[in-house]
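Understanding the architecture of this molecule
So you can see what is in the structure, the chains are spelled out below.
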Amino acid sequence: MGIFKRNYCCFFFCCLLSGRLLAQPQKLYLNPATAGPAAQSNFIEITRFIPIDAATEKISTNTSLFITKNYWVAYDYIEKKLSFFTKQGKFIKFIAMKKYGEPVIVYDSKAELLKFNIKNKNYTLTNNDLVAIRAHYAKKANQKYFKNYEINLKEESLQIKRTTTDPYFIINARPFYDDYYYRSDMSIQPRAKDTSGYELQLLEDHKPVKSFFPFNRTGNHIFRYANAQMYLSDTDTAYIKYTSRPFSPVIYKMNKNSISPVYEIVLPLENAMPSSRFINGFKSKADWDNFQNSNGAIFFSFNSIRDMGRHLFFGIRFLRNYESFLYDKNTAKFYKSKMIKADSSQYNIQLLQNGLGQYADSHYYALIPAQSFLDFYEKNKEKKIVYPPELERFFKTATKNSNPVMVEYKIKD
Amino acid sequence: MLRYLFLFIVFFGVASAMSQVSNGKISGIVIDSVSNTTLELATISIFAKDSTLVNYQLTDKYGNFSFPKLPLNRELRLDVSYVGYRSYKRHFKLDSIKPAQSFRIALPVNIDDSNAVVIRSVVPIRMNGDTLEINPAAFKMEKTAVAEELLNQVPGITIWADGTITVNGRPVPKILVDGKPFLSQTDPTIATQNLPKNAIEKIQVYQEVDRTKEQRDNTEQDSVYTMNIKLKANKKSGYFGKAGLGYGTDNRYESDGSFQLYNKTNSLSIGGGTNNINKSVGSIQQMLSNNSFRKINPNNFNVSSFGRSGISKTFSLGAVYTHDFVYSENGSRYNNISSNYNHTGNNNFVSGNTVQERTTKDFSQFIESSNSNNTDIRGYSAGITYTKSNSSSKNLNLSANSNFNDSRSFSNNFTAVKDSSKALQSTNEGNSDSRTNSRSGNISLALSNFSNVNPLTRFNLTVSGNFNNNQSERNTRSIFNSYANPAADTSYNRLYNNDQESMGLNFNLNYYGLRRLLFRRFNLFGVDLNLLQAFTYDQNKSYAIVNDYDSNAQKFMVNNGLTNNNKLQTIRYTPGVVFQKSFNKWAARYSRNVSLSLRLAQSIRKEMNSSSLAIRNVDRSFSFFTPSLGLNYNYGIKDKMMYNLSFGFNRNYTYPAIDQLYTITDSINVYNVRFGNPDLKNTRTDNVNFNFSVNKRKPKAKYEVNASVSGNMAYKTNPIADSVINDISGKRLQYTINAKDGVDYSLNYSANVSRKIRKNSLQLQYSGTIGNNRSTHFIDGIISNNRSRSFTHNVNLQYSLKTLLILKLAEVVSTYSSSQTGSGLSSYKVTNSSTQFGATVNYSKNLSFNTTVSTTDNSNVSNTVILWHAFSSYRFLKGKQGELKFSAFDLLKKFQNINTNTNIDGTSTTITNGLQQYFLLTFAYYPRKFGRKDSDD
């Protein structure tokens, strides 16, 4: 126990030291319970409505959206269907992904490829298996556990093709910029020989070139049952990303291979993990489950961080809830994104209910169900509301089962 | 029945009409006062002048709300609350001139309190993440109201007449108090009918993974509703109970009581009772369930049982103590030890007359018999259980139990057999005096592990051992006189001394890591493989010494034909493997799951019997292939319906017992002399079953509906049946034979409908069964195909006008018929119908009346049997802790205890003694204290 305590003390000292050496982050005070509502039109300018034109296909809004150079690609994660559209909303084709399995999809903008990493459904892997496989990711025998596919977006046929398994996929690494990838592996191995772990690593040619935030991979670490990972959120510049660490409400900016804290989100005490847990961790999975059940409002991690000049947007994963917030730097006020409501000038179309849309070319994109437009249209039939021509056309033929409308918008600066 | 139904419907119509004179309406929108943006999920509550909650709802995504059907000409208060905002209150009154009002409510941010978590108005219900939270403080009810009465006020929650709770149509299988079963008891009503509303901080309803399906890798685990009653911090200790005493006419008496004491880690329950009114006192667990504080009991649970034969004097004493080694509000984390003790006794006197009509080949027989039986039983039991669970996947349960029973029984009987012309053919007069002492004990270990980290360590193991010892002494005297053949007269005075010892060991292992062991990470195309290993060893030793009284020698002499020693050892080993595969599909609006299961098992048995009777020294070995197949399909439409369909097939074998092969024939009862058959073959049974159920799951539906139908068919090859040879004197010789293949099938169906009309509810429950049995028998050498059919229909209609009036109407119709194909044999049919009506009137907060009337008609009995009870109870003292109850049973004094039975031999009608009209006055005191301070009660 003494060894563990010493290791944790070292860990915290390192964190503290690294923090001291870096620039002081700006403190922003957020009380999640009181972050208020606002009018959507204060923040958002809708630039285009593009009804999805797919006469033979039913397009769902339960999708992950990818904005590529020439296409919108929507992956319906319930129906397991990949649909391609032109940027004018014209449906091109769909690919049934069910037979392949549940993919992790990565858009490689440099090579204009959609890459799919799919766990081979002929194998059942435990967390321990994954750790063992990732430790020897270069071994050919370990490639069978994953299947990789890609679609070359430069080719008109948009065929999905099997490719050799990319070791980056095996180790769950994601592209950073140029030839750099990043990886976040916070798995705890109580009996691991190598006790050193890093919350974030930069990789080049499948090898770590820089590591950040060391931690002890053994013992009752706070990460043990949390299944935590660090994710990098995109900016307009490929080598600049934002990220955060589990249980630490600090937003970091990554610029190539350097990292610095930029914002510290100060939360009420009730949202903070008790300090004793950083030292003692969790005794068992039951202890972790019990703690989660009784302390659902405790901060876990940030995601979807976007710094947009006047505004800062991020999502907070609490132990049992999720909320996203928009911060107005001019007024120093936080707004809960699901309480940012659209008025009639934006046809009551809620664009921030589930966070920010997909970003590309200075715009955000979100698929909105036809029903939402029709509800407003029916309610305001008596009023003389002027709709853009594309919506006028849409209302003439649309039913509640029609395909959704892509909304392109900007965040006002 | 129709007459009652008509009256019921008329009454219900009038009552419903009276309750629906509310035509007022308010609607509006809730917005943020600064930004003018709408606020979704703001809680809108309407309170009456006396702060009673009239209705409530949450605003929709546009901040809108609407309350139709509000009462006119009544002062009402509108409360609006939203976390982080100042709450809004406004009084209003609707009338016929202005029956509708509209509100635009702009809530200002609560800037006084930077944390803004103080909710100033009381919110009755809210969603906290994925948990529905009910706030008892928002419901203005009597101070003495308990959790069940509170739940009855919450829309979407239905408490069915049988005590089941459903939320939006889905049953709530688990009801916890602070994350644990209350007082470690499985009956949730111990919590819901005792815990006062004022001791409850909140009631949470949430969904969690169905742990019963956790052992299967590829099955998407269903979620089930769990209700957790969270007690206030200062109410986590307390006591409650009941002590009651009653005395009535005919020296009828009853006394019962229970007392429960609990804190965070300990609970102690003691209880006891005694009565001579045919009322079951039961074990300590039953006492806790029966003696709850709940005042409404429309189903008249736990009152005198007039349907029970004879008069019983009974008593029971018991205690349960539970200690939790850790205090945790996690429902899947246990570390506790529980011990229980019960001492029970029963004295039962039954006397009765039976008239039986029996079919035989050449003649019909009428058998009249009278008997009396007095049985006295004393029993003691004690047990201890240790349970430890670190998480839902690791469980350990250790338990040990012991039982001691002593019984003494005296019986007399007289039987007269007559032919079709009612001429007496024989009589038999008998009496018996017996004593039995029995001791039994068992110890068991259950250990399970379902590790997500290491699939090789997934298993479920149970090991148990049991021991039994029975010693009995019985002296039976029997005198048979045959008028047809006086030479066949017999007379016995026989003394039986039996000493029986048995012990058994059981070992069961389900190993869920077989696939991982054999195929490592390869998942065999999603097919789960489980290994089954079951081993049982049983040993049964019996020593029977039978003596006959020799009137010449004037002493008992050993009967060498019946005296014997026997030792039977049975070893069963069943290895098997289970293949399981699931197919799942989830879409935004629906989900679908199909799972298939195939079990292949070989049942290997070895039986060794050694006996002092040489013919019974038999060693036998068997090996049976016993496959089973299961298919389960469920289809759910989100917030609408859930359909479940399951189908199963299994094959089983039974082999004839040594007593069926080489029966030791005892002819002391000449009307039933049984012989063995060493040529008996094994019986194979193929079972096919199905189940279909549908549940309506619409959150705001007016009606809650669920229905189910299930069926079972068993095809038997070489079934064991009787071949009966009837003598004109009534003597019957029964031989065990293998009959022709036979089929049994049964069908059960039920439907429940519930409608809540404001605070009133109407519930209709229907259930029915169809049973059909086709078997072959021999009667007097004639082969006869017997077909037995049974139909039962049970309709239950209950209407509750708030808690003021509860009306209940029930109709039970059952028909049993038995037909024979053998020439000269007769067929029989019996129909029984019973109508029950009950009414409970809670005249005031303290006074209630209750009455039940039931009429029973039977095709074999000329008179209608009517049973009418009436009760009135008065609650008094502080907190309604005192109760005076007057009960009048069988007001018309017309009750008769009649039972009819139909089987392949014919029909029989038995009239026994039982309870008759009596009046009882009972006083009960309910000691109750929850928490150290009563200041906030």
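Residues numbered from 1 in each chain as written. Chains lettered and ligands numbered in written order. Predicted model: local features only at pLDDT ≥ 70, side-chain atom pairs only at ≥ 80, totals over all residues. Heavy atoms only, no water.

**A closer look at the overall build of chain A**
When helices and strands are tallied, chain A shows seven helices and 25 strands. Expected size for 413 residues packed as a compact globule is a radius of gyration near 22 Å; at 23 Å, chain A falls within 12% of this value. Oriented by its inertia axes, the alpha-carbon framework of chain A measures out at about 75 × 50 × 40 Å. Across the 413 residues in chain A, those meeting the buried criterion constitute 52%. The long-range share in chain A, meaning contacts at least 24 apart out of those at least 6 apart in sequence, stands at 57%. Carbon and sulfur atoms provide 49% of the accessible area of chain A, an area that totals close to 19800 Å². Taking the average place of the 59 positive charges on the side chains of chain A and the average place of its 38 negative ones, the gap between the two points comes to 6 Å. (Helix = DSSP H or I, 4+ residues; strand = E, 2+ residues; numbered from the N terminus. Rg over C-alpha atoms; globule rule 2.2 N^0.38 Å. Buried < 20%, exposed > 50% of the residue type's maximum accessible area, 1.4 Å probe, protein only. Contact = heavy atoms within 4.5 Å. Areas by Shrake-Rupley, 256 points an atom, 1.4 Å probe, with all protein chains shown as cover. Lys, Arg positive; Asp, Glu negative; His and termini not counted. Charge placed at Lys NZ, Arg CZ, Asp CG, Glu CD.)

**Details of the interface of chain B and chain A**
Opposite the 40 residues of chain B that make contact, chain A presents 34 residues. A buried area of about 2800 Å², summed over both sides, lies between chain B and chain A, and 44% of it is on carbon and sulfur atoms. Joining chain B to chain A, the criterion identifies three salt bridges. A salt bridge links Arg-516 of chain B to Asp-129 of chain A; the shortest N-O distance between them is 2.6 Å. Remark: the boundary between chain B and chain A carries nine residue pairs in polar contact (both at pLDDT 80 or more). Here the residues of the side of chain B that touches chain A are counted per class, giving 15 nonpolar, 14 polar and eleven charged. (Buried area = accessible area lost by both parts, 1.4 Å probe. Salt bridge = Lys/Arg side-chain N within 4 Å of Asp/Glu carboxyl O. Polar contact = N/O pair within 3.5 Å; in protein donor to acceptor, adjacent residues only side chain to side chain. Nonpolar A, V, L, I, M, F, W, Y, C, P; charged D, E, K, R; others polar.)

**Let's talk about the nonpolar core**
Residues Ile-134, Phe-182, Leu-195, Met-227 and Ile-229 of chain B are the most contacted members of the largest nonpolar core, which totals 37 residues. Residue contributions to this core peak at four residues, all from strand β15 (residues 223-231) of chain B. Both of domain 1 (22-117) and domain 2 (124-304) of chain B provide at least three residues apiece to this core. Listed in part, the 31 residues of the second largest apolar core include Ile-46, Phe-373, Leu-374 and Ala-398 of chain A. (Core = buried A, V, L, I, M, F, W, Y, C linked by side-chain atoms within 4.5 Å. Domains from an automatic or database assignment.)

**With respect to a nonpolar patch on the surface**
Residues and elements named next belong to chain B. The grouping of Phe-583, Leu-596, Leu-598, Leu-629, Leu-631, Tyr-633, Leu-645, Phe-647 and Phe-690 at the surface amounts to a nonpolar patch, some 720 Å² of accessible area in total. Within the residue set of the nonpolar patch, elements represented by two or more residues are β29 (590-611), β31 (628-637) and β32 (641-654). Among the elements that line the nonpolar patch, the one with the most residues is β31, at three residues. Relative to the assigned elements, Leu-598 resides in strand β29. The class for Leu-598 is partly exposed, based on a relative accessible area of 32%. (Patch = residues over 30% accessible without salt bridge, like charges linked within 9 Å, V, L, I, M, F, W, Y side chains within 5 Å.)

**Topic: the side chain of Ser-834 of chain B**
All names here are of chain B. The topology assignment puts Ser-834 in strand β42 (residues 828-842). For Ser-834, a relative accessible area of 9% corresponds to the buried category. Excluding anything up to four places from it in sequence, Ser-834 contacts Ala-810, Glu-811, Val-812, Thr-855 and Thr-856.

**Description of a positive patch on the surface**
Residues Lys-400 of chain A together with Arg-589, Lys-638, Lys-640 and Lys-698 of chain B make up a contiguous surface patch of positive charge. Topologically, Lys-638 of chain B is positioned in the loop between β31 and β32. On the accessibility criterion, Lys-638 of chain B (47% relative accessible area) is partly exposed.

**Focus: the domain arrangement of chain B**
For interface size, the figure often reported is the accessible area lost on association. All names here are of chain B. Each domain of chain B was delimited in the assignment, giving domain 1 (22-117), domain 2 (124-304) and domain 3 (333-930). Summarising the inter-unit geometry, the C-alpha centres of domain 2 and domain 3 are found 28 Å apart. Each side of the interface is counted separately: domain 2 has 72 residues, and domain 3 has 62 residues. Surface buried jointly by domain 2 and domain 3 totals about 5700 Å² across both partners, of which 49% is contributed by carbon and sulfur atoms. Applying the counting criterion to the domain 2 and domain 3 interface returns zero salt bridges. The interface formed by domain 2 and domain 3 includes eleven residue pairs in polar contact (both at pLDDT 80 or more). Put simply, the parts of the chain that give the side of domain 2 that touches domain 3 at least two residues each are β10 (157-159), β12 (170-171), β16 (238-248), β17 (253-262) and α4 (284-290).

**So, the environment of Met-608 of chain B**
Mapped onto the elements of the fold, Met-608 of chain B is located in strand β29. Sequence separation between Met-608 of chain B and Thr-803 of chain B is 195 residues; the distance between their C-alpha atoms is 64 Å.

**Some details on the sheet that holds strand β7 (residues 100-107) of chain B**
Residues and elements named next belong to chain B. Pairing in this open sheet of three strands is mixed, and the strands run β4-β1-β7 from one edge to the other. Taken across any chain shown, the strands that pair with only one partner, and hence form the sheet edges, are β4 (64-70) and β7. When the angles between neighbouring strand axes are averaged without regard to direction, this sheet yields 15°. Both strand β1 (residues 24-32) and β7 contribute to a ladder of eight bridges, which runs parallel. (Pairing = 2+ DSSP bridges. Axes fitted to C-alpha atoms, helices over the stretch in contact; angles between N-to-C directions.)

**With respect to the pairing of strand β47 (residues 906-912) of chain B**
Residue and element names in this part refer to chain B. Within β47, six of the seven residues are buried, which leaves the element mostly enclosed by the surrounding structure. Strand direction decides the pairing type here: strand β20 (residues 334-359) and β47, joined by seven bridges, are antiparallel. Bridging across to β47, Asn-353 finds its partner in Ile-911.

**Quick word on helix α2 (residues 127-135) of chain A**
Every α-helical turn comprises 3.6 residues, leaving residues that sit three or four positions apart pointing alike. Residue and element names in this part refer to chain A. Along α2, the residues classified as buried are Asp-129, Leu-130, Ile-133 and Arg-134. All buried residues of α2 project into a common sector of 125° when viewed along the axis, lining one side. Counted as exposed and oriented over 90 degrees from the buried face of α2: Asn-127 and Ala-135. (Arc of directions from axis to C-beta.)

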